[in-house]
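Listed below are the residues making up each chain.
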Amino acid sequence: MDIAVIGGAGYVGLITAVGLAKLGHNVIGTDINSARIEMLRKSISPIHEPGIEEALAETQSLGTLNFTTDTELAVKNSNVVFLAVGTPPRHDGSTDLNQLRTAVTSMAKALTPDTVLVIKSTLPAGTLNVIKGLLAEAGGTNKIDFVINPEFLSEGNGLNDFFFPSRIVVGTESSRGAKILREIFAPFTDGGSITTDILMSRNVPYIETDPVDAQLIKYASNAFLATRVSFINEVAAICEQVGADIGKVAEGLGYDPRIGHRYLQAGIGFGGPCLEKDLVALINFSGLEGHTPQLLKAVLDRNDEQIRVIIRKISGLLDNQIMGKRIGVLGLAFKPGTNDARSSLSLRVMTSLLEMGAHVVASDPMAIPDAKEIVTSARYEEDPEAVFKDADLILFLTAWPEYKDLDLAQLSKVMKKAPSIMDGVNLMSRKTIESAGFKYAGIGKPTG
Ligand SMILES: NC(=O)c1ccc[n+]([C@@H]2O[C@H](COP(=O)([O-])OP(=O)(O)OC[C@H]3O[C@@H](n4cnc5c(N)ncnc54)[C@H](O)[C@@H]3O)[C@@H](O)[C@H]2O)c1
């Protein structure tokens, strides 16, 4: 099939474009970010995802994947259009639809009644009508087949998630749209009857629903994961009161097959481009009809509280004097394995510390370029060891495994007197940190 992917230089768009091209479709990725499109034309990925550059090079050399900034032309030459532009939150909790508006307007005239428009972007219930209105305003047809196909990939494992999805959700009122999507996803659902050399899942649960069900599946999934994180942080606070260890508690809890271990790591809370944004959007649009989503609000409040918990712990380690102290931050990405620092809670913690008069020197294996754009008043160092120099306190905020190899005892020598470590992600044990000569605070850990 001839497929256009709008927003094709972003996380979801690029992975979708590469994945569909590997499945043998003729794909054109379009994006307004011309610098990223130029990189992609040279098979250089603007996002960090294992295997993506090899897949880019392979599909581009076969000619099945191309990139352009000309959305109208790309859509004109395609029968299926995947829309994967960003849907960031506004300050009031509503969803910013600006990227969607520009994208829909720029493709309007190129759509024909034969086009299937597949929406991958996470959009609140009711937004399909907004899209139809925009198409009509822009002088295009809105008699196309609309499909909601929410994305569940996890950054840092995106390409793998494309080929091994937990489920495929297709929400549409159009039987033609449903049929075409079944064809596109047939290799995932055929149990191996379609031959392909690609290592991929062949029996993926396939859920066909109304569009609004598909939208709610996406929002409810992220709200549920966020709930687990706030829950375990609440249990961590209780552990501190009663002298229990959250590591042991979460381990024992997670072996219950009804519960499982994932999203049960106590830490600084949930950040990143999806969990918080989608929870806020769900609270916002579910509240419009007079319903009060109390549980969801509590999940969000607990997450905000966790930032204050971290700041209080830092303050405690520094004898209640943050102003003028030098703090070394290790970890800026919202989780290990990605260069994405958008909505990373590390940056929120750093911003609070800077506002309180601390000097912040930060490092991350991948996310410095992203972080630099968002928090401009911190100093950044590529070398994690450099953040220890003259620091009063070291703060672990992303659980990059390589930080475990730091020689803490040696590094404590280049720090100020009586150095501290606040381990916001429980990367190392109290014993390891204290025996290297540091004052220690973690999350949900018993006092020594
Ligand atoms: N990142 C994730 O892990 C993830 C997971 C599941 C769902 N989602 C959802 O997928 C959507 C995309 O998220 P993302 O993280 O890939 O965003 P992103 O910011 O990485 O990518 C969006 C891309 O769209 C491009 N764009 C903006 N306006 C455009 C236009 N008018 N025409 C063409 N391109 C345009 C941007 O330049 C950017 O490259 C969001 O709705 C998000 O909630 C994201």
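Residues numbered from 1 in each chain as written. Predicted model: local features only at pLDDT ≥ 70, side-chain atom pairs only at ≥ 80, totals over all residues. Heavy atoms only, no water.

> Sorry if this is basic, but what is going on with the site of the ligand here?
In the region of the ligand, 26 residues are neighbours, and V12, D31, T87, E155 and K277 sit closest. V12 places a polar main-chain atom, nitrogen or oxygen, 2.8 Å from an oxygen atom of the ligand. The contact in question runs from a nitrogen atom of the ligand to an N or O atom on the backbone of I32, over 3.4 Å. When the ligand is considered free in solution it has 820 Å² of accessible area, and contact with the protein chains removes 92% of it. (Near = heavy atom within 4 Å. Polar contact = N/O pair within 3.5 Å; in protein donor to acceptor, adjacent residues only side chain to side chain. Areas by Shrake-Rupley, 256 points an atom, 1.4 Å probe, with all protein chains shown as cover.)

> Would you mind going over the layout of surface pockets with me for this structure?
It is a probe the size of a water molecule, rolled over the atoms, that shows where empty space is left. Taken as a whole, the second largest pocket encloses approximately 210 Å³ of empty space. In this structure, the second largest pocket is lined by I246, G247, A250, E251, H261, L264, Q265, A266, V425, N426 and K445. Looking at side-chain class alone, the lining of the second largest pocket contains 5 nonpolar, 4 polar and 2 charged residues. (1 Å grid on protein atoms, 1.4 Å probe; cavity = no way out; pocket = protein on both sides within 12 Å on 5 of 7 lines; lining within 4 Å. Points joined across faces, edges and corners; volume = space filled by probe spheres on them. Nonpolar A, V, L, I, M, F, W, Y, C, P; charged D, E, K, R; others polar.)

> What's the story with the environment of T209 in this structure? I'm lost.
Residue placement: T209 occurs in strand 8 (residues 206–209). Residue classification places T209 among the buried positions, given a relative accessible area of 15%. Distance in space between the C-alpha atoms of T209 and D190 is 20 Å, their sequence separation being 19 residues. Each residue touching T209, except ones within four places of it in the same chain, is listed here: V170, G171, T172, A214 and I217. For T209, the side chain forms a polar contact with the main-chain nitrogen of A214, separated by 3.4 Å. (Helix = DSSP H or I, 4+ residues; strand = E, 2+ residues; numbered from the N terminus. Buried < 20%, exposed > 50% of the residue type's maximum accessible area, 1.4 Å probe, protein only. Contact = heavy atoms within 4.5 Å.)

> It is not clear to me how the sheet that holds strand 12 (residues 393–396) should be interpreted in this structure. Could you clarify?
In a beta sheet, neighbouring strands are held together by backbone hydrogen bonds and run either parallel or antiparallel to one another. Judged by pairing direction, the sheet is parallel, and its 6 strands sit side by side in the order 11-10-9-12-13-14 without closing on themselves. Two strands in the sheet have a free side with no partner beyond their single neighbour: strand 11 (379–380) and strand 14 (439–441). Bridging between strand 10 (residues 359–363) and strand 11 involves 2 bridges; their strand directions are parallel. Bridged to V361 within strand 11 is R379. Lying on the sheet, helix 13 (residues 294–317) is in contact with strand 9 (326–330), strand 12, strand 13 (420–423) and strand 14; it crosses strand 13 at an angle near 165°. (Pairing = 2+ DSSP bridges. Axes fitted to C-alpha atoms, helices over the stretch in contact; angles between N-to-C directions.)

> What exactly am I supposed to notice about the pattern of salt bridges here?
A side chain with one charge may pair with a side chain of the opposite charge, provided their charged atoms come close. Throughout the structure, instances matching the rule amount to 23 salt bridges. The residue R308 makes a salt bridge to E305 at a minimum N-O spacing of 3.0 Å. Placement of the pair is R308 and E305 together in helix 13, with a separation of 3 residues, close to one helical turn. In this structure R308 comes out as partly exposed when scored by relative accessible area, which is 44%. Accessibility expressed as a relative area gives 23% for E305, which makes it partly exposed. One continuous salt-bridge network, built from bridges that share partners, spans E155, D340 and R342. (Salt bridge = Lys/Arg side-chain N within 4 Å of Asp/Glu carboxyl O.)

> Would you explain empty space enclosed by the protein in this entry?
One pass over the structure, following the stated rule, counts 2 cavities of 30 Å³ or more. Of the pockets and cavities examined, the largest cavity occupies roughly 40 Å³. Lining the largest cavity are S121, T122, L123, I148, P150, Q215 and K218. When grouped by side-chain class, the residues that make up the lining of the largest cavity number 3 nonpolar, 3 polar and 1 charged. Here the second largest cavity is characterised by a volume of approximately 30 Å³.

> It is not clear to me how the domain arrangement of the protein should be interpreted in this structure. Could you clarify?
One widely used convention gives an interface's size as the accessible area the parts lose upon coming together. If you check the domain split of the protein, you get domain 1 (2–209) and domain 2 (245–448). Between the C-alpha centres of domain 1 and domain 2 there is a distance of 33 Å. Looking only at domain 1, the three residues that lose the most surface to domain 2 are Y11, H48 and E155, adding up to 42% of its buried area. Applying the counting criterion to the domain 1 and domain 2 interface returns 1 salt bridge. The partner of R342 in a salt bridge is E155, with the nearest N and O atoms 3.4 Å apart. At the boundary of domain 1 with domain 2, the tally comes to 8 residue pairs in polar contact (both at pLDDT 80 or more). Grouping the amino acids of the side of domain 1 that touches domain 2 by side-chain chemistry returns 7 nonpolar, 8 polar and 2 charged. (Domains from an automatic or database assignment. Buried area = accessible area lost by both parts, 1.4 Å probe.)

> Would you take a moment to explain the packing of aromatic side chains for this structure?
When we look at a pair of aromatic rings, we describe it by the centre distance and by the angle of the planes. Inspection of the entire model under this criterion finds 6 aromatic pairs. Measuring from ring centre to ring centre gives 6.1 Å for F396 and Y403, while their planes differ by 40°; the resulting arrangement is tilted. A relative accessible area of 2% means that Y403 is categorised as buried. Members of the aromatic cluster, each reached through a chain of ring pairs, are F162, F163, F185, F188 and Y206. Seen from the ring of F152, R167 lies directly overhead, with NZ or CZ sitting 3.6 Å from the centre. (Phe/Tyr/Trp six-rings, centres within 6.5 Å; stacked < 30°, edge-to-face > 60°. Lys NZ or Arg CZ within 6 Å of the ring centre and 35° of its normal.)

> Teacher, can you tell me more about the packing of helix 13 against helix 14 (residues 345–355) here?
Packed helices, taken two at a time, are described by their axes: the angle between them and the distance between them. Relative to each other, helix 13 and helix 14 sit at 50°, their axes nearing to 10 Å. In terms of orientation, helix 13 lies oblique with respect to helix 14. In this structure, helix 13 crosses over helix 14, and the sense of that crossing is right-handed. For the pair helix 13 and helix 14, the contacting residues are N303, D304, I307, I310, I311 and I314 in the first and L345, R348, V349, S352 and L353 in the second. Its residues placed into classes, the contact of helix 13 with helix 14 shows 7 nonpolar, 2 polar and 2 charged. (Parallel < 35°, antiparallel > 145°, perpendicular 65-115°, else oblique. Left-handed = near helix turned anticlockwise from the far one by under 90°.)

> How should I be thinking about the pairing of strand 6 (residues 145–148) in this particular structure?
Here strand 6 shows two buried faces, one formed by D145 and V147 and the other by F146 and I148. Relative to strand 6, strand 5 (residues 116–119) runs parallel, the two sharing 4 bridges. Considered in strand 6, the bridge of V116 is made with D145. Taken together, strand 5, helix 6 (residues 127–137) and strand 6 constitute a β-α-β crossover, and its handedness is right-handed. (Right-handed = clockwise from strand over helix to strand, strands pointing away.)

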